[in-house]
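# Topology and contacts: notes
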Amino acid sequence: MKVIIFGAAGNVGSRIVSEALARNHQVSAVVRKPEQLEKLPAQVQGIIGDATSPNDVAKFSAGHDLVITAVRPPSGDEQLLVPITQSILEGAGRSGVRVLVVGGAASLRIPDQQDTTVLTAENFLPDAVKPIATACFAQHQAVEQVTETAWAYLSPPAMLVPGVRTGNYRLGSDELLYDDAGNSQISMEDFAVVLLDEGEKPAHHQVRFTAAN
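Worth saying up front: this structure is predicted, and the values here are computed from it rather than measured.

## Side note on the overall build of the protein chain
For the protein chain, the helix and strand inventory stands at five helices and 10 strands. Sorting the 213 residues of the protein chain into buried and exposed places 50% on the buried side. In the protein chain, of all internal contacts separated by at least 6 residues, the share reaching a separation of at least 24 is 72%. For the protein chain, the accessible area works out to roughly 10,100 Å², and carbon and sulfur atoms hold 48% of it. Taken together, the 16 basic and 24 acidic charged side chains of the protein chain have centroids lying 5 Å from each other.

## Observations concerning the sheet that holds strand S4 (residues 66-69)
Note on sheets: strands pair through backbone hydrogen bonds, and any given pair is parallel or antiparallel. What the eight strands build is an open sheet, ordered S3-S2-S1-S4-S5-S6-S10-S8; its pairing is mixed. Each edge of the open sheet carries a strand with a single partner, namely strand S3 (45-48) and strand S8 (170-172). The average undirected angle you get between the axes of adjacent strands in this sheet is 25 degrees. Pairing of strand S5 (residues 98-102) with strand S6 (residues 151-155), which is carried by four bridges, proceeds in the parallel orientation. By the bridge assignment, Val 101 is partnered in S6 with Tyr 153. Against the sheet, helix H3 (residues 81-95) touches strand S1 (2-6), S4, S5 and S6, its axis set at about 165 degrees to S5.

## Considering the pattern of salt bridges
What the rule picks out here adds up to nine salt bridges. The partner of Arg 23 in a salt bridge is Glu 19, with the nearest N and O atoms 2.7 Å apart. Per residue, the accessibility class of Arg 23 equals that of Glu 19, and both read buried. Between Arg 165 and Glu 19 there is a salt bridge, with the nearest N and O atoms lying 2.8 Å from each other. With Arg 165 in the loop between strand S7 (159-161) and S8 and Glu 19 in helix H1 (residues 11-22), this residue pair connects regions lying 146 residues apart in the sequence. Since its relative accessible area comes to 6%, Glu 19 is described here as buried.

## Some points on the environment of Ala 138
Inspection of the secondary structure assignment puts Ala 138 in helix H4 (residues 130-144). For Ala 138, a relative accessible area of 29% puts it in the partly exposed group. Sequence separation of Ala 138 and Val 82 is 56 residues, and the distance between their C-alpha atoms is 6.7 Å.

## Let's talk about the nonpolar core
One finds Ile 5, Ile 16, Ile 68, Val 102 and Leu 195 to be the most contacted residues of the largest nonpolar core, which totals 29 residues. When residues of this core are traced back to their parent elements, those giving at least two are S1, H1, strand S2 (26-31), S4, S5, S6, helix H5 (188-200) and strand S10 (208-212). Not counting the four nearest positions on each side in its chain, Ile 16 is found in contact with Ile 5, Ile 68, Ala 70, Val 102, Ala 192, Leu 195 and Leu 196. Ranked by size, the runner-up nonpolar core spans 20 residues in total, among them Ala 51, Ile 84, Leu 89 and Val 143.

Thresholds, definitions, all that
Residues numbered from 1 in each chain as written. Predicted model: local features only at pLDDT ≥ 70, side-chain atom pairs only at ≥ 80, totals over all residues. Heavy atoms only, no water. Helix = DSSP H or I, 4+ residues; strand = E, 2+ residues; numbered from the N terminus. Buried < 20%, exposed > 50% of the residue type's maximum accessible area, 1.4 Å probe, protein only. Contact = heavy atoms within 4.5 Å. Areas by Shrake-Rupley, 256 points an atom, 1.4 Å probe, with all protein chains shown as cover. Lys, Arg positive; Asp, Glu negative; His and termini not counted. Charge placed at Lys NZ, Arg CZ, Asp CG, Glu CD. Pairing = 2+ DSSP bridges. Axes fitted to C-alpha atoms, helices over the stretch in contact; angles between N-to-C directions. Salt bridge = Lys/Arg side-chain N within 4 Å of Asp/Glu carboxyl O. Core = buried A, V, L, I, M, F, W, Y, C linked by side-chain atoms within 4.5 Å.

Dropping the structure here:
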């Protein structure tokens, strides 16, 4: 499979790259700055491109089997997440390539709390992460409006952290997942496994899903 990844130099993106290479996929990676190319494995075709340009996205994604976007704007520019995601979806729609969106947990519902979400739950999120959580909530709303592109939106649980690859995870849909000990967590490594499993065997079509260890 030929996979092109936006945001490949980030914490999550780099693990998606590693997982895709481990599965012997052909990987291209789009980054914003030339110095980010140095962070990519030698097997990856690095591309300097503008994810805010649907024309660039369409050009770079043509001929691929899957687009994955793991873009996260820098602190202070969180509001760019929605237009970047919209641009990637529009460009991939032009090239006819399916998109997997690395989303956020903000729009997941808290179990047994009616319509309360991670973003709206009282005292759930630290103030420091509220700007990106708000952007991710808006991102999910924007993605749900897209009908002309094949997509799936993957929300992590409450904690998405560096860890180890176990290959074990549980899937859900619109509610935050917890384990028996009350933890809502998945390693970035296993999150990448979830994405590539979905990429290889699509099971979610224009819907959001979530996963946790």
